[in-house]
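Structural description and commentary
If you want the building blocks of each chain, they are given just below.
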Amino acid sequence: AGQKQELKYKMGRKIKAGVKGEASQYKTRSNAIRDMQVTLQDFRRLCILKGVYPREPKKKVKGNDKTYFHVKDLKILQHDQLLDKFRQIKAHLKKHKKLLGRRELKNAETHLAKTPKYSMVQVIKDRYPSFIDALRDMDDALCLIALYAQLPQHMTLEIKKKDLETCASLYQDFMLYCTMSQCFTKSFLSIKGVYYRAQIMGVPLTWVQPYKFNQRLPFELDYKVMGTFLEFYTALLKFVNFKLYADARMSYPIKGDLSPISQTSSYLDAVKVRQMQAQISKLFAKAQEATEIEF
């Protein structure tokens, strides 16, 4: 009896599963949604905007068919301002639904116009502390924006005309800057589209632009997830375009017609383009010496 008590004393208290070790550092998606008290759609949108992605632990305690997130990433999401905005929007739309049920149409319309909105400024500043970091993440943004610039409008899939026009305008401004700065290094044709490779401030960028054909949109894709990525990437490209044009001492959005394809461009426009090219070349020379450029 004495030996059993001594062995029990040496072993200590039994540790429960999932309390300590690697199992305590990960949570499944369902547990994370339950703890944060949000819907699956809002959780996906929040993860995409904040750059939080699933992890693969060495030992999957809850099963191999579960999606796992790191506890540190979830703690960042729990104290983020976007989460509070999502909750305010959800409560606002819930009240709007009640007004529609009571057939108070005027009050419902007025209430809907006061829906809270969130800004992407702080999100981009948190994810990219320097401008070089933003440029390194521009490959996927340019591919998706160039794709949406070629897509047709579709009401069922929630592809709005306003978003398509925004993508086309932002992409055209970026291509115009690359043309004026002469930063293209390679370009070739493929089955998928036209591949471009450019080098801006020492950062290589590669993206593909689809051909202008009639697109048939497959219904198997989740366009809501793509729309969330598009929302973030359009905001990112706006900041990048503004920074590039501001460093070249140009106003953005662009005023007037400076497109190299335009047939009505005057001699003054050509002189402006040459001056911009000289300014941009000097900027690139200084940027190669500097290690980081602040947003």
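Residues numbered from 1 in each chain as written. Predicted model: local features only at pLDDT ≥ 70, side-chain atom pairs only at ≥ 80, totals over all residues. Heavy atoms only, no water.

In this section: the overall build of the protein. Tallying secondary structure elements over the protein gives 12 helices and five strands in all. Residues classed as buried in the protein amount to 37% of the 295 residues present. Counted over contacts in the protein with a minimum sequence separation of 6, partners at least 24 positions apart contribute 67%. Carbon and sulfur atoms make up 52% of the accessible area of the protein, which amounts to about 20100 Å² in all. (Helix = DSSP H or I, 4+ residues; strand = E, 2+ residues; numbered from the N terminus. Buried < 20%, exposed > 50% of the residue type's maximum accessible area, 1.4 Å probe, protein only. Contact = heavy atoms within 4.5 Å. Areas by Shrake-Rupley, 256 points an atom, 1.4 Å probe, with all protein chains shown as cover.)

Attention now goes to helix 5 (residues 81-101). Taking 1.5 Å per residue as the helical rise, helix 5 with its 21 residues ought to reach 30 Å, and the 31 Å between its terminal C-alpha atoms agrees with that figure. On its buried face, helix 5 sits against helix 2 (29-36), helix 3 (40-50), helix 4 (71-78), helix 6 (105-113) and helix 7 (121-127). Backbone nitrogen of Leu82 and a side-chain oxygen of the N-cap are separated by 2.9 Å at the start of helix 5; the cap is Asp80. Looking one or two residues beyond helix 5, the residue adopting positive phi is Arg103, at roughly 65°. (Expected span 1.5 Å × (residues − 1). Polar contact = N/O pair within 3.5 Å; in protein donor to acceptor, adjacent residues only side chain to side chain.)

Moving on: the environment of Val52. With respect to the helices and strands, the residue Val52 is situated in the loop between helix 3 and strand 2 (68-70). Between the C-alpha atom of Val52 and that of Phe69, which follows or precedes it by 17 residues, the distance is 8.4 Å. In this view, Val52 contacts Cys47, Phe69, Asp73 and Leu77; residues no more than four positions away in its chain are not counted.

With that settled, the discussion passes to the pairing of strand 5 (residues 203-210). With six of eight residues buried, strand 5 lies mostly within the body of the structure. Pairing geometry for strand 4 (residues 193-200) and strand 5, over eight bridges, is antiparallel. Across the sheet, the residue bridging to Ile200 is Val203, located in strand 5. Between the end of strand 4 and the start of strand 5, which pair antiparallel, lie two residues, with Met201 showing a positive phi angle near 55°. (Pairing = 2+ DSSP bridges.)

For the rest of this paragraph, the subject is the side chain of Thr228. Among the secondary structure elements, Thr228 is positioned in helix 11 (residues 223-247). For Thr228, the side chain forms a polar contact with the main-chain oxygen of Lys224, separated by 3.0 Å.

This part covers the layout of surface pockets. Of the voids in this model, the largest pocket is the one considered here, and its volume is about 1300 Å³. Forming the boundary of the largest pocket are 30 residues, of which Tyr118, Lys160, Asp163, Gly227 and Glu231 lie nearest the centre. Of all the secondary-structure elements, those providing two or more residues to the lining of the largest pocket are helix 3, helix 10 (161-181) and helix 11. Here the lining of the largest pocket takes 10 residues from helix 11, the largest share from any one element. (1 Å grid on protein atoms, 1.4 Å probe; cavity = no way out; pocket = protein on both sides within 12 Å on 5 of 7 lines; lining within 4 Å. Points joined across faces, edges and corners; volume = space filled by probe spheres on them.)

Looking now at the environment of Pro253. Note on placement: Pro253 falls in the loop between helix 11 and helix 12 (267-289). You can call Pro253 exposed: its relative accessible area is 58%. Sequence-wise, Pro253 and Phe242 are 11 residues apart; in three dimensions their C-alpha atoms are separated by 7.7 Å.

Turning to the pattern of salt bridges, a few remarks are in order. Summed over the entire model, instances satisfying the criterion amount to 10 salt bridges. Across the salt bridge formed by Lys50 and Asp80, the nearest N and O atoms sit 3.0 Å from each other. One end of the pair, Lys50, is in helix 3; the other, Asp80, is in the loop between helix 4 and helix 5, with 30 residues separating them in the sequence. Both residues of the pair, Lys50 and Asp80, belong to the buried class. The shortest N-O distance in the salt bridge between Asp133 and Arg136 comes to 3.5 Å. Of this pair, Asp133 and Arg136 are both found in helix 8 (residues 131-136), three residues apart, which corresponds to roughly one turn of the helix. If you follow the salt bridges from partner to partner, you end up with Lys27, Arg34 and Asp35 in one network. (Salt bridge = Lys/Arg side-chain N within 4 Å of Asp/Glu carboxyl O.)

Attention now goes to the packing of helix 3 against helix 11. Relative to each other, helix 3 and helix 11 sit at 35°, their axes nearing to 10 Å. When you trace helix 3 past helix 11, the crossing you get is right-handed. From helix 3, Gln41, Arg45, Ile48 and Leu49 reach across to helix 11, where they touch Lys224, Val225, Thr228, Phe229 and Phe232. Split into classes, the residues belonging to the contact of helix 3 with helix 11 amount to five nonpolar, two polar and two charged. (Axes fitted to C-alpha atoms, helices over the stretch in contact; angles between N-to-C directions. Left-handed = near helix turned anticlockwise from the far one by under 90°. Nonpolar A, V, L, I, M, F, W, Y, C, P; charged D, E, K, R; others polar.)

On to helix 2, then. Residues Asn31, Ala32, Ile33 and Met36 constitute the buried set of helix 2. For helix 2, the elements touching its buried residues are strand 1 (26-28), helix 3, helix 4 and helix 5. Downstream of helix 2 by one or two residues, Gln37 has phi in the positive range, about 60°.

This paragraph deals with the confidence of the model for the protein. Overall, the predicted model of the protein reaches an average pLDDT of 82, with 79% of residues at or above 70. Low pLDDT, under 50, characterises residues 259-268; the stretch is placed with five contacts to residues that sit more than four places away or in other chains. (pLDDT = per-residue confidence, 0-100.)

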